[in-house]
Amino acid sequence: MNFLEKVKTKDLTECDFSNEVLEGLSLEGLSLCFSTFTCASFKNITFKDIDFTECFVPEADFVNCKFVNCNFERVNFQRTTFEKCYFENCSFKYAFMGLTKFISCDIINSNMEKAQMLDGAFVGTHLKNVNFKDAILKGSHFQESSLEDIDFINTDLRSVNFKSSTLKNIKDVEAKFYGKKPWGGVSSENHPLDEYNSEGVD
């Protein structure tokens, strides 16, 4: 049974929707917990109040999608790409996003606390009021992006690149970072901003 058929039954948990191609939908108030979306493709879809808890979403593509009040806690987004997508009041707590890309996206008032995003990318993306507390972003890069009101508290930012990005009001208490930080945020008293000069070795 495909995704649209399952929507009619209202039972969308623990389903396999691998390789589904969905376009032009408006979905609201659904629980997709524990479902699989391997290599699925989503285009021009609005997701509102959707629970994706512990879904498996590797190598999927989302283009021009809107997510409002969605729960992505503990979701596996390995090698997934979001392009021209909008996120508001979404939670990615404990999500795994290795090699995941956000391209030309807006991420507003959202929580990425304790997420793991190794070697990921934010390209041409606007982030405002996003919480990365205790997240692991090692090896990721923010390119030509804008970051405002961001919490990098105790965040692993080793080998993270902020090339051509603008940063405003960054909190970085106890963050791990190689080199001098490219912002003037609030740093740990034990590690003033001008003392980050490590050689990039673990």
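See the structure shown above.
Residues numbered from 1 in each chain as written. Predicted model: local features only at pLDDT ≥ 70, side-chain atom pairs only at ≥ 80, totals over all residues. Heavy atoms only, no water.

S.K.: What exactly am I supposed to notice about the sheet that holds strand E15 (residues 166-171) here?
M.R.: Through backbone hydrogen bonds, the strands of a sheet pair up, either in parallel or in antiparallel fashion. As summarised here, the arrangement of the eight strands in space is E2-E4-E6-E8-E10-E12-E14-E15, forming an open sheet in which the pairing is parallel. Here the strands that pair on one side only, and so sit at the sheet edges, are strand E2 (26-28) and E15. For this sheet the average axis-to-axis angle between neighbouring strands, irrespective of direction, equals 10 degrees. (Pairing = 2+ DSSP bridges. Helix = DSSP H or I, 4+ residues; strand = E, 2+ residues; numbered from the N terminus. Axes fitted to C-alpha atoms, helices over the stretch in contact; angles between N-to-C directions.)

S.K.: Explanation requested: the side chain of threonine 80 in the structure shown.
M.R.: Note that threonine 80 resides in the loop between strand E6 (66-68) and strand E7 (81-83). At a separation of 2.4 Å, a polar atom in the side chain of threonine 80 contacts the main-chain carbonyl oxygen of valine 57. Reaching out from threonine 80, the side chain makes a polar contact with the backbone nitrogen of alanine 60 at a distance of 3.4 Å. Residue contacts for threonine 80: discarding those within four places in its chain leaves Val57, Pro58, Glu59, Ala60, Phe62, Leu99, Thr100 and Lys101. (Polar contact = N/O pair within 3.5 Å; in protein donor to acceptor, adjacent residues only side chain to side chain. Contact = heavy atoms within 4.5 Å.)

S.K.: Honestly, the pairing of strand E10 (residues 106-111) in this entry has me stumped. Any pointers?
M.R.: The side chains of a regular strand alternate, first on one face of the sheet and then on the other. When strand E8 (residues 86-88) meets E10, the two strands line up parallel, connected through three bridges. Directly across from tyrosine 86, in E10, lies its bridge partner aspartate 106. As judged from the five bridges shared by E10 and strand E12 (residues 126-131), these two strands associate in the parallel manner. For asparagine 111, the partnering residue across the bridge sits in E12 and is asparagine 131.

S.K.: For this particular structure, what's the right way to read the nonpolar core?
M.R.: Proteins that are soluble and globular tend to have nonpolar side chains buried together. Among the nonpolar cores identified, the biggest contains 56 residues, and Phe47, Phe67 and Phe152 are the most heavily contacted of them. Of all elements in the fold, only helix H1 (3-9), E12 and strand E14 (146-151) reach the threshold of two or more residues within this core. In this structure phenylalanine 67 touches Phe47, Phe62, Phe72, Phe82, Cys85, Tyr86, Phe87, Glu88 and Cys90, once residues within four positions along its chain are discounted. (Core = buried A, V, L, I, M, F, W, Y, C linked by side-chain atoms within 4.5 Å. Buried < 20%, exposed > 50% of the residue type's maximum accessible area, 1.4 Å probe, protein only.)

S.K.: What should I look at first to understand the sheet that holds strand E1 (residues 21-23) in this one?
M.R.: Taken in spatial order, the seven strands of this open sheet run E1-E3-E5-E7-E9-E11-E13, and their pairing is parallel. Strand pairing shows two members of the sheet lacking a second neighbour, E1 and strand E13 (141-143), which therefore form its edges. Direction aside, the axes of adjacent strands within the sheet are offset by 5 degrees on average. In terms of strand pairing, E1 meets strand E3 (residues 41-43) through three bridges, oriented parallel.

S.K.: Can you help me understand the packing of aromatic side chains in this one?
M.R.: For any pair of aromatic rings, geometry is given as the distance between the ring centres together with the angle between the planes. Tallying each qualifying case throughout the model produces 34 aromatic pairs. Aromatic side chains phenylalanine 142 and phenylalanine 152 sit 6.3 Å apart centroid to centroid with 70 degrees between the ring planes, which places their arrangement in the edge-to-face category. Of this pair, phenylalanine 142 sits in strand E13 while phenylalanine 152 sits in the loop between E14 and E15, and the two are 10 residues apart along the sequence. You can call phenylalanine 142 buried: its relative accessible area is 0%. Geometry around tyrosine 94 places arginine 74 over its ring, the cationic atom sitting 4.3 Å from the centre. (Phe/Tyr/Trp six-rings, centres within 6.5 Å; stacked < 30°, edge-to-face > 60°. Lys NZ or Arg CZ within 6 Å of the ring centre and 35° of its normal.)

S.K.: How do you make sense of the environment of alanine 60 when you look at a structure like this?
M.R.: Residue placement: alanine 60 occurs in the loop between strand E4 (46-48) and strand E5 (61-63). Separated by 51 residues in sequence, alanine 60 and asparagine 111 have C-alpha atoms that sit 21 Å apart. Not counting residues up to four positions away in its chain, the partners in contact with alanine 60 are Phe37, Cys39, Ala40, Arg79, Thr80 and Thr81.

S.K.: Honestly, the state of the cysteines in this entry has me stumped. Any pointers?
M.R.: In a disulfide, the sulfur atoms of two cysteines are covalently bonded to one another. This structure, assessed with the given rule, holds zero disulfides. Cysteine 39 carries a free sulfur, and the closest cysteine sulfur to it, the one in cysteine 55, is 15 Å from it. Note on cysteine 39: relative accessible area 35%, which makes it partly exposed. For cysteine 90, which is in no disulfide, the shortest distance to another cysteine sulfur is to cysteine 70 and amounts to 4.7 Å. (Disulfide = S-S within 2.5 Å.)

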